[in-house]
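Listed below are the residues making up each chain.
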Amino acid sequence: MKGFWHDAAEFFPILMNGVALTIVVTIGSLLLSTVLGLVWAMMRVSGIKALSMLSASLINVIRGIPIIVLLFYLYFVMPDLGVTLSALQAAILGLGIAYSAYQAENFRAGIEAIDKGQIEAAQSIGMGWWLTMRRVVLPQAVRIVLPPYGNVMIMMLKDSSQASTITVAELALQGKLIASSTFKNTSVFTLVALMYLTMSIPLILLVRHFEKRAGKR
Amino acid sequence: MIELNDVHKSFGKVEVLKGITASVEKGEVVCIIGPSGSGKSTILRCINGLESYDRGEISVEGLKVHRDAPSIVNIRTQVSMVFQRFNLFPHRTVLENVVEGPLFVKKEPRAQVLERGRALLAQVGLAEKADAHPPQLSGGQQQRVAIARALAMQPKAILFDEPTSALDPELVGDVLGVMRKLADDGMTMVVVTHEMGFARDVADRVLFIDGGVIVEQGPAKALLNQPKHPRTQDFLRRVLHPL
């Protein structure tokens, strides 16, 4: 145990560099997946057949490809097509796209859970599609969508470790590098696990808060 | 003001409106009565384009109702609707519900709209509930807010789709009272209802619909007191004397 604390003090600063990148990757891909997911969901509920089918196929294609393959594709294949991305860019893009499919399905479920009468009431006071979405449907859907959204945040935080496969030196990769050079596997990976857990706890509490609030009305 | 000419409408293979021809004059109160599934609500929903129709023509002040045409917004801002299940926006306060349309659809000046909203809430007896949220109100109160929301659009006519059917019996009177007052003030109203007392006392005309056609129509008192068609007689007997 004494050894652990000693190692922890030594490795903590290096691992913190990894934490910074983990946070950048998580937030970046969270934002991207939210925006893309919202776009797919809107296309899906637009009532325009071509858009909704395009979105449905996109979601299925994205869902059917493992994240790690998506990352390899963006990082190793795109340069052959003339698009060179930095490891960080590829990681955010890949995770963002991969998660956009789940976000879209989550958003769609939230939108479709809104009572049809709400939409009719909005239409009956002359609201068009977009105004109905913005003023009536989305504000109510947010309540429904937030708890699963919080879960996506937690999964995203943990899945950001997949960026290590394309050389992004985030927490997991930093840990692996230290472990392979010091052979202190136990200390290093215990520390890495604890650091992920520490970052997850606020998110877990946030989800609980969302769930309580959603249950209220 | 509202004209329906040989309107047909089918849901899949079921034809719910089989040639409805009727008109509503300015300032007139028309009640539509008839058994469940007779197409009463569908008529209302076609008038403001919540439903499309297959054949015939509906027009409001000479403007043809076409659900997917941009002009439908114009029609909906002139013809408000009150729903059976209120359909208030639960995430907004009572006052916000009332001013939503004028503020965001008609883009009227905020201060003026808020003032009108409060006046309308006072008119339906709910001035003190302006900052409450709809789920905190009783059904009768919610329906009165819905009427204020409809009025806030300053419509030329209001469609009422069974406005008291979802209410506890003791709350029906408040809503009917507000509606009666509107009628007295000269509002053009089309009311789908099972409240025969209201129809008799307030309506100018009554249409009896059954099986997607207008079976009988005429002045409210005459039709309700001395129905001519056997189906009208049968329907009224069942409604007025269920035992």
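Residues numbered from 1 in each chain as written. Chains lettered and ligands numbered in written order. Predicted model: local features only at pLDDT ≥ 70, side-chain atom pairs only at ≥ 80, totals over all residues. Heavy atoms only, no water.

**Q** Let's hear about the UniProt feature "transmembrane region" (unreviewed entry) in chain A: which residues, and what values?
**A** Residue and element names in this part refer to chain A. Within this numbering scheme, the UniProt entry marks residues 20-41, 53-75 and 188-207 as carrying the feature "transmembrane region" (unreviewed entry). For residues 53-75, the helix share is 87%, the strand share is 0%, and the end-to-end C-alpha distance is 29 Å. Helix makes up 100% of residues 188-207 and strand 0%, whereas the separation of the span's terminal C-alpha atoms amounts to 29 Å. (UniProt positions renumbered as here; feature names shortened; annotations may be inferred. Helix = DSSP H or I, 4+ residues; strand = E, 2+ residues; numbered from the N terminus.)

**Q** Can you explain the sheet that holds strand E2 (residues 14-24) of chain B? Please cite residues and give values.
**A** Residue and element names in this part refer to chain B. Strands sit in the order E2-E1-E4-E5 across an open sheet of 4 strands; the sheet is antiparallel. Both edges of this open sheet fall to E2 and strand E5 (63-64), since each of them pairs with a single strand only. Across 2 bridges, the pairing between strand E4 (residues 55-60) and E5 is antiparallel. By the bridge assignment, serine 59 is partnered in E5 with lysine 64. (Pairing = 2+ DSSP bridges.)

**Q** Could you give an account of the nonpolar core, with specific residues and numbers?
**A** Residues Ile33, Leu121, Ile147, Phe160, Met179, Met189 and Val206 of chain B are the most contacted members of the largest nonpolar core, which totals 52 residues. Ignoring anything within four residues of it in the chain, the contact list for isoleucine 147 of chain B reads Val82, Phe160, Val175, Val178, Met179 and Leu182 of chain B. With 41 residues, the next largest nonpolar core counts Phe11, Val25, Leu171 and Tyr196 of chain A among its residues. (Core = buried A, V, L, I, M, F, W, Y, C linked by side-chain atoms within 4.5 Å. Buried < 20%, exposed > 50% of the residue type's maximum accessible area, 1.4 Å probe, protein only. Contact = heavy atoms within 4.5 Å.)

**Q** Which residues make up the UniProt feature "domain: ABC transmembrane type-1" (unreviewed entry) in chain A, and what values go with them?
**A** The feature "domain: ABC transmembrane type-1" (unreviewed entry), as given by UniProt, occupies residues 19-207 of chain A in the numbering adopted here. Secondary structure over residues 19-207 of chain A splits into 81% helix and 0% strand, and the C-alpha atoms at its two ends are 22 Å apart.

**Q** Talk me through the interface of chain A and chain B; I want residue IDs and the actual numbers.
**A** Across the boundary between the two partners, chain A contributes 17 residues, which contact 22 residues of chain B. Buried area between chain A and chain B, summed over both chains or domains, comes out near 1800 Å², and the portion from carbon and sulfur atoms is 57%. Taken together, chain A and chain B are joined by 2 salt bridges. Glutamate 100 of chain B serves as the salt-bridge partner of arginine 135 of chain A, at 2.7 Å between the closest nitrogen and oxygen. Counting across the chain A and chain B interface gives 6 residue pairs in polar contact (both at pLDDT 80 or more). Only helix H5 (116-124) and helix H6 (129-159) of chain A provide two or more residues apiece to the side of chain A that touches chain B. The element best represented in the side of chain A that touches chain B is H5 of chain A, accounting for 7 residues. Class assignment of the residues belonging to the side of chain A that touches chain B gives a composition of 7 nonpolar, 6 polar and 4 charged. (Buried area = accessible area lost by both parts, 1.4 Å probe. Salt bridge = Lys/Arg side-chain N within 4 Å of Asp/Glu carboxyl O. Polar contact = N/O pair within 3.5 Å; in protein donor to acceptor, adjacent residues only side chain to side chain. Nonpolar A, V, L, I, M, F, W, Y, C, P; charged D, E, K, R; others polar.)

**Q** Tell me about the pairing of E4 of chain B, and name the residues and values.
**A** All names here are of chain B. Here strand E1 (residues 2-11) pairs with E4 via 5 bridges, running antiparallel. If you follow leucine 4 over to E4, its bridge partner there is isoleucine 58. Linking E4 to E5, which pair antiparallel, is a turn of 2 residues; within it glutamate 61 sits at a positive phi near 50°.

**Q** Residue-level account of the packing of aromatic side chains, with values.
**A** Counted by the stated rule, this structure contains 7 aromatic pairs over all chains. Centroid distance tyrosine 99 of chain A to tyrosine 102 of chain A: 5.9 Å. Interplanar angle 65°. Geometry classified as edge-to-face. A residue pair is termed a helical-turn pair when its members lie 3 or 4 positions apart in one helix, as tyrosine 99 of chain A and tyrosine 102 of chain A do in helix H4 (residues 87-112) at 3 residues. On the accessibility criterion, tyrosine 99 of chain A (2% relative accessible area) is buried. One aromatic cluster is present, built from ring pairs that chain together Phe72, Tyr75 and Phe76 of chain A. Above the ring of phenylalanine 89 of chain B, the side-chain terminus of arginine 149 of chain B is found at 4.7 Å from the ring centroid. (Phe/Tyr/Trp six-rings, centres within 6.5 Å; stacked < 30°, edge-to-face > 60°. Lys NZ or Arg CZ within 6 Å of the ring centre and 35° of its normal.)

**Q** How would you explain the environment of phenylalanine 12 of chain A if you had to name every residue and give the values?
**A** Residue and element names in this part refer to chain A. If you trace the backbone, phenylalanine 12 turns up in helix H1 (residues 2-45). Its relative accessible area of 40% is what places phenylalanine 12 among the partly exposed residues. For the pair formed by phenylalanine 12 and glutamine 123, sequence separation is 111 residues and the distance between their alpha carbons is 57 Å. Not counting the four nearest positions on each side in its chain, phenylalanine 12 is found in contact with Leu191 and Met195.

**Q** Quick one: what's the story with the environment of leucine 74 of chain A, residue by residue and with numbers?
**A** Within the secondary structure, leucine 74 of chain A is located in helix H3 (residues 67-77). Aside from chain neighbours lying at most four places away, what touches leucine 74 of chain A is Pro79, Leu85, Ala90, Leu93 and Gly94 of chain A.

**Q** Tell me about the side chain of glutamine 118 of chain A, residues and numbers included.
**A** With respect to the helices and strands, the residue glutamine 118 of chain A is situated in helix H5. Here glutamine 140 of chain A takes part through its side chain, which lies 2.8 Å from a polar atom of the side chain of glutamine 118 of chain A. Beyond its immediate sequence surroundings of up to four residues, glutamine 118 of chain A is in contact with Val136 and Gln140 of chain A together with Asn87, Leu88, Phe89 and Pro90 of chain B.

**Q** Got a sec to walk through the packing of H3 of chain A against H4 of chain A? Specific residues and values, please.
**A** Packed helix pairs are characterised by how far apart their axes lie and by the angle those axes make with each other. All names here are of chain A. At their nearest, the axes of H3 and H4 sit 9 Å apart, and the two run at 140° to each other. Put simply, H3 runs oblique to H4. Where H3 crosses over H4, the handedness of that crossing is right-handed. Counted together, Ile67, Leu70, Leu71, Leu74 and Tyr75 of H3 and Ala87, Ala90, Ala91, Leu93, Gly94, Leu95, Ile97, Ala98 and Tyr99 of H4 form the full contact between these two elements. Looking at the contact of H3 with H4, its residues break down into 13 nonpolar, 1 polar and no charged. (Axes fitted to C-alpha atoms, helices over the stretch in contact; angles between N-to-C directions. Parallel < 35°, antiparallel > 145°, perpendicular 65-115°, else oblique. Left-handed = near helix turned anticlockwise from the far one by under 90°.)

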